[in-house]
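What follows is the residue order along each chain.
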Amino acid sequence: LYPLVVRFYNESIGRVVTNLLSIPVMNEISSTGKNIFDLLNQELSNRGLNWSNCVSFGCANANVMTGCHAGVAAYIRKENPNIFISGCTCHLLHLAAGKANKELWVDVAQVLIDVYYYLEKSAKRQKQLKLMQDTVGSDTQRRHGVQHGGFQRRYTVAGYQDLERGAAGPSC
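If you're wondering where the values come from, they're calculated on a predicted model, not measured in any experiment. (Residues numbered from 1 in each chain as written. Predicted model: local features only at pLDDT ≥ 70, side-chain atom pairs only at ≥ 80, totals over all residues. Heavy atoms only, no water.)

Let us now look at the side chain of E43. Secondary-structure assignment places E43 in helix 1 (residues 33-46). A polar side-chain atom of E43 sits 2.8 Å from a polar atom in the side chain of S22. Residues in contact with E43, not counting those within four places in the same chain, are L4, S22 and P24. (Helix = DSSP H or I, 4+ residues; strand = E, 2+ residues; numbered from the N terminus. Polar contact = N/O pair within 3.5 Å; in protein donor to acceptor, adjacent residues only side chain to side chain. Contact = heavy atoms within 4.5 Å.)

Attention now goes to the confidence of the model for the protein chain. Reading fine detail from the predicted coordinates is not recommended where pLDDT is low. Averaged over every residue, the pLDDT of the protein chain is 79; residues scoring 70 or more account for 80%. Across the protein chain, element-level confidence peaks in helix 3 (residues 72-79) with a mean pLDDT of 95 and bottoms out in strand 7 (residues 160-161) with 32. Between residues 144-171, whose pLDDT stays under 50, and residues either more than four places distant or in other chains, the model counts 75 contacts. (pLDDT = per-residue confidence, 0-100.)

A word on the environment of Y2. Counting through the fold element by element, Y2 comes out in the segment before strand 1 (4-10). Look at Y2 and you get buried, because its relative accessible area is 18%. Counting along the chain gives 34 residues from Y2 to I36, while the straight-line C-alpha distance between them is 8.2 Å. Ignoring sequence-local partners within four residues, the contact set of Y2 consists of S22, I23, P24, M26, S31, I36, L39 and L40. (Buried < 20%, exposed > 50% of the residue type's maximum accessible area, 1.4 Å probe, protein only.)

On to helix 6 (residues 123-136). Its 14 residues place the ends of helix 6 20 Å apart at the C-alpha level, agreeing with the 20 Å of an ideal helix rising 1.5 Å per residue. The first or second residue beyond helix 6 is G137, which carries a positive phi of 75°. (Expected span 1.5 Å × (residues − 1).)

We now examine the packing of aromatic side chains. Overall, the coordinates contain 4 aromatic pairs when judged by the stated rule. Ring centres of F37 and Y75 lie 5.9 Å apart, and the angle between their planes is 25°; this geometry places the pair in the stacked category. Here F37 is found in helix 1, whereas its partner Y75 is found in helix 3, with 38 residues between them in sequence. There is no split in this pair, since F37 and Y75 are both buried. Directly above the ring of Y118 sits R125, whose terminal nitrogen or CZ lies 3.9 Å from the centroid. (Phe/Tyr/Trp six-rings, centres within 6.5 Å; stacked < 30°, edge-to-face > 60°. Lys NZ or Arg CZ within 6 Å of the ring centre and 35° of its normal.)

In structure tokens, the structure reads:
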């Protein structure tokens with residue numbers, strides 16, 4: 001499945017909107033850059049849209065998507081040389097944060113979890129945190145929950161969210 005999401009200016013409501021255009025299924029055996037591009041190109045063509053009107057393309061950071069020679073981005077650039085290709089910033093930030101974390105003497109993720117549970121167990125500490133946030137003019141708000149899931153962990157602690165999700169892709 002290759003969800004195709006479009007963002008455009010809707011004149012009738014006077015703002016930019018984001019819509020799921022389609023979720024085409026790859027019928028080819030191999031998900032090569034060419035096959036994926038052909039699938040996306042067909043979806044756009046079926047709706048009277050073309051790459052020359054597209055200003056950017058956002059995708060996963062895998063070579064099959066962002067590759068300069070045989071990735072989807074390479075085929076899109078043949079259709080529109082001025083298009084901006086953006087890999088997933090969340091995934092790139094996640095990789096950078098992971099590498100930086102390995103250089104630290106403390107496990108930042110564990111510290112965030114510890115802080116969360118320290119605050120969670122005491123209404124008094126939560127009240128003190130709220131008072132401190134109000135004092136320093138913080139516009140953050142306390143959110144509940146520590147979630148662990150698969151490859152992506154998200155820690156929400158006292159208004160701080162761990163940015164373990166991803167920066168712009170390569171430029172060819």
